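Understanding the architecture of this molecule
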Amino acid sequence: MKKIKRIIRAVLNRSVQTYYSLFGSKVECNICHYKTDILNSDAWHNFSVCPRCGSGVRLRLLWATLNSTSEWSIDKLIKNKAVLHFAPEKAISDLVERVARKYKTADLLADGYLNAYHHIDYNMDISDMHQLHDGEYDCIIACDVLEHVHDDKKALREVYRVLSKSGYCIFTVPQKDRLEKTYEDLALTDPKESEEKFGQLDHQRIYRNDFVQMMQDAGFEIVQVDESDFDDKRRTRNVLYPPVFIGTSACY
């Protein structure tokens, strides 16, 4: 019965996608090219999650940057490079691996996350990568990882150490408007209180624009990319910002 239901859903989905391809759609995921008139919602943003690949605003913004800008293209940052990908998103993991010379994945597989990924090469904390040599990787990707880490400043220093001299790192972090500086509470032990303060049970902070200074203090030169770097048609069609505005989404 389950197999029959999956087949029916697959046939219906193909029919819907054929319809949108012929008659047009309001939005399209720029990663998996799923077409629809409205995306799904999550706890952070309404109408911003792709039903097919699960990508959110930040991941589509990252993919748009890698595929639509010459200065920060996938050819420059990832192609034929040694890439380390923390908490690898299924939506882009295979796509990145295809063009990288060396591709490894990493995450700290705590209780409750052991089955979250199909394959992890390194079970390690981004703030303690003692398994890796100085300058071992040309590119490190960590989307929405640092808010989970107890010592995010140490994590930034570790990433800087592991990167080659001409290497790049790609970070995205959750941010909140009307917040003067990054707010954290490392003493919190109640997951519900963490969710109320930071938006998720296992978050330890919420970032603001001082994240740029934090990265500079760790030695990085910073380039910030947000939805304003793309024209309005692209921003709207690929949903590179929350349709129902709550905050900003940026990648560094």
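Residues numbered from 1 in each chain as written. Predicted model: local features only at pLDDT ≥ 70, side-chain atom pairs only at ≥ 80, totals over all residues. Heavy atoms only, no water.

Along the chain, Thr 172 falls in strand E7 (residues 163-172). Thr 172 gets classed as buried once you look at its relative accessible area, which sits at 1%. Among the polar contacts made by the side chain of Thr 172, one reaches the side chain of Asp 144 at a distance of 2.8 Å. (Helix = DSSP H or I, 4+ residues; strand = E, 2+ residues; numbered from the N terminus. Buried < 20%, exposed > 50% of the residue type's maximum accessible area, 1.4 Å probe, protein only. Polar contact = N/O pair within 3.5 Å; in protein donor to acceptor, adjacent residues only side chain to side chain.)

Here the focus is the pairing of strand E4 (residues 102-107). Of the strand pairs in this sheet, strand E3 (residues 82-86) and E4 are connected by five bridges, and their pairing is parallel. Within E4, the residue paired with Phe 86 across the bridge is Ala 106. The parallel pair E3 and E4, bridged by helix H4 (residues 90-99), forms a crossover whose chirality is right-handed. (Pairing = 2+ DSSP bridges. Right-handed = clockwise from strand over helix to strand, strands pointing away.)

Before going further, it helps to spend a moment on the sheet that holds E3. Spatially, E5-E4-E3-E6-E7 is the arrangement adopted by the five strands of the open sheet, whose pairing is parallel. Here the strands that pair on one side only, and so sit at the sheet edges, are strand E5 (122-123) and E7. Inspection of the sheet shows E4 paired to E5 by two bridges, in the parallel sense. Bridge assignment links Asp 107 to a residue of E5, and that residue is Asn 123. Along the sheet face, helix H5 (residues 152-162) touches strand E6 (137-143) and E7 and points at about 140° away from the line of E7. (Contact = heavy atoms within 4.5 Å. Axes fitted to C-alpha atoms, helices over the stretch in contact; angles between N-to-C directions.)

A few words on the packing of aromatic side chains. The description of two aromatic rings rests on the distance between their centres and on the angle between their planes. Taken as a whole, this structure holds five aromatic pairs when the rule is applied. A ring pair is formed by Trp 72 and Tyr 168, whose centres lie 5.9 Å apart and whose planes are at 75°; its orientation type is edge-to-face. Taken together, the positions of Trp 72 in the loop between helix H2 (57-68) and helix H3 (74-77) and Tyr 168 in strand E7 put the pair 96 residues apart, joining distant regions of the chain. Each ring, one from Tyr 207 and one from Phe 211, has its centre 5.1 Å from the other, and the planes form 65°; the classification is edge-to-face. (Phe/Tyr/Trp six-rings, centres within 6.5 Å; stacked < 30°, edge-to-face > 60°.)

In this section: the confidence of the model for the protein. Averaged over every residue, the pLDDT of the protein is 85; residues scoring 70 or more account for 83%. Counting contacts from residues 246-252, a segment whose pLDDT is below 50, to residues more than four positions away or on other chains yields 45 contacts. (pLDDT = per-residue confidence, 0-100.)

Leu 84, Phe 86, Ile 126, Met 129, Ile 140, Val 159 and Phe 171 are the most contacted members of the largest nonpolar core, which totals 30 residues. Put simply, the parts of the chain that give this core at least two residues each are E3, E6, H5, E7 and helix H7 (211-217). Considering each element in turn, this core owes the most residues, four residues, to H5. Membership of the second largest hydrophobic core comes to 23 residues, among which are Tyr 34, Leu 62, Val 83 and Val 96. (Core = buried A, V, L, I, M, F, W, Y, C linked by side-chain atoms within 4.5 Å.)

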